[in-house]
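Descriptive analysis of the structure
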Amino acid sequence: MSHTGSSGGQPGPQRTTDRATALIEPTRAYAELVAGNRRFVDGAPRHPNQDAGRRAAVADGQQPFAVIVGCSDSRLAAEIIFDRGLGDLFVVRTAGHTAGPEVLGSVEYAVTVLGTPLVVVLGHDSCGAVQAARESAATGTAPSGHLRAVVDAVLPSLGRAEAEGVDDIDGIVDIHIAQTVETLLAQSPVLAEEVARGRCAVVGVSYRLAAGAVRPVAAVPAGFATSTTPASTDPAAPAIV
């Protein structure tokens, strides 16, 4: 996957519509995130693309290989937990990874303009936004200010959890991650079309604050996150650097 910039006369991303080669780029992108997270958990990060040379290389353009729609929690810094650097990840963060118009527009920009082949919804255990929504629902009181918008965005996930008989906070978090994946695709026909053509995948993962590891919760296409690992990628393909 090339990381040359998409501006300043440099070549843009290579996009494929061939179904025989579809999902190669999303697969490699997800495998790279999994490998980076494994290094982080093992305490052996490589800190790639964080030097002066990389800074200069991406000054005129960017071609990130993944969009991270993550929770704003201060312990959820995507470049750290996935062991990546400058120009690698296009990160959009809101409390509880809620997906309003600005988030959807940012994702569409990355996928269609920058050619990013993977969208990752990054949630975590003990999510404060989910806890706030749960308390609001239990007490029947809405929070003040704009925090209410965050809580209102999480409430459908609580309703879904109740319907499925899920009561523990981390089980609800998993449902909320899956709900965000579905929201992105339902609210963005642009993203849904990219996924339907096999040029992009959307994966929801949950991060464990203490352990540092991520695990897949939901994916479109179905089964994408469980069938794509570093070992399953094409060994002849160049690594993302």
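The structure reproduced in this document is the subject of the present report. (Residues numbered from 1 in each chain as written. Predicted model: local features only at pLDDT ≥ 70, side-chain atom pairs only at ≥ 80, totals over all residues. Heavy atoms only, no water.)

**Examining the sheet that holds strand β4 (residues 201-207)**
If you trace the five strands from one edge of the open sheet to the other, you get β2-β1-β3-β4-β5, paired in mixed fashion. Pairing within the sheet leaves two strands with one partner each, and these edge strands are β2 (89-94) and β5 (214-220). Between one strand axis and the next, the sheet turns through 20° on average, direction left out of account. For strand β1 (residues 66-71) and β2, the ladder comprises six bridges, and the chain directions are parallel. Residue pairing across strands places G70 opposite R93, the latter belonging to β2. In this fold helix α1 (residues 24-42) packs onto β1, β2, β3 (118-124), β4 and β5, with an angle of close to 35° to the strand it touches most, β3. (Pairing = 2+ DSSP bridges. Helix = DSSP H or I, 4+ residues; strand = E, 2+ residues; numbered from the N terminus. Axes fitted to C-alpha atoms, helices over the stretch in contact; angles between N-to-C directions. Contact = heavy atoms within 4.5 Å.)

**So, the pattern of salt bridges**
For the structure on display, the rule yields 15 salt bridges. Salt-bridge contacts for R54 lead to D88; the nearest nitrogen and oxygen are separated by 3.0 Å. Of this pair, R54 sits in helix α2 (residues 52-57) while D88 is found in the loop between α3 (78-81) and β2, placing the two residues 34 residues apart along the sequence. In this structure D88 comes out as buried when scored by relative accessible area, which is 0%. (Salt bridge = Lys/Arg side-chain N within 4 Å of Asp/Glu carboxyl O. Buried < 20%, exposed > 50% of the residue type's maximum accessible area, 1.4 Å probe, protein only.)

**Quick look at the side chain of S157**
Position of S157 among the secondary structure elements: in helix α6 (residues 147-163). By relative accessible area, S157 is classed as buried at 0%. Setting aside chain neighbours within four positions, we find S157 in contact with I175, H176 and Q179.

**Digging into the nonpolar core**
Formed by 57 residues in total, the largest nonpolar core has its most connected members in L33, I68, L118, V119, L122 and L191. Top element by residues in this core is helix α7 (residues 169-187). It accounts for eight residues. Residues in contact with V119, not counting those within four places in the same chain, are V67, V69, V107, V111, L184, L191, C200, A201, V202 and V203. (Core = buried A, V, L, I, M, F, W, Y, C linked by side-chain atoms within 4.5 Å.)

**Notes on α6**
The end-to-end C-alpha separation of α6 is 25 Å, in line with the 24 Å expected for 17 residues at 1.5 Å each. Where α6 bends most, at V154, the angle is about 30°, and the proline P156 comes one to four residues later. Inspection of α6 places V150, V151, V154, S157, L158 and A161 among the buried residues, and these make up the whole buried set. On the buried face of α6, the contacting elements are α5 (128-139) and α7. (Expected span 1.5 Å × (residues − 1). Bend = angle between axes of the 7 residues up to and from the residue.)

**Focus on the packing of α7 against helix α8 (residues 189-196)**
One way to put it is that α7 packs onto α8 with a least axis distance of 5 Å and a crossing angle of 100°. Judged by the inter-axis angle, α7 sits roughly perpendicular to α8. Along the contact surface, α7 presents L184, L185 and Q187, while α8 presents P189, L191, A192 and V195. The class makeup of the residues in the contact of α7 with α8 is six nonpolar, one polar and no charged. (Parallel < 35°, antiparallel > 145°, perpendicular 65-115°, else oblique. Nonpolar A, V, L, I, M, F, W, Y, C, P; charged D, E, K, R; others polar.)

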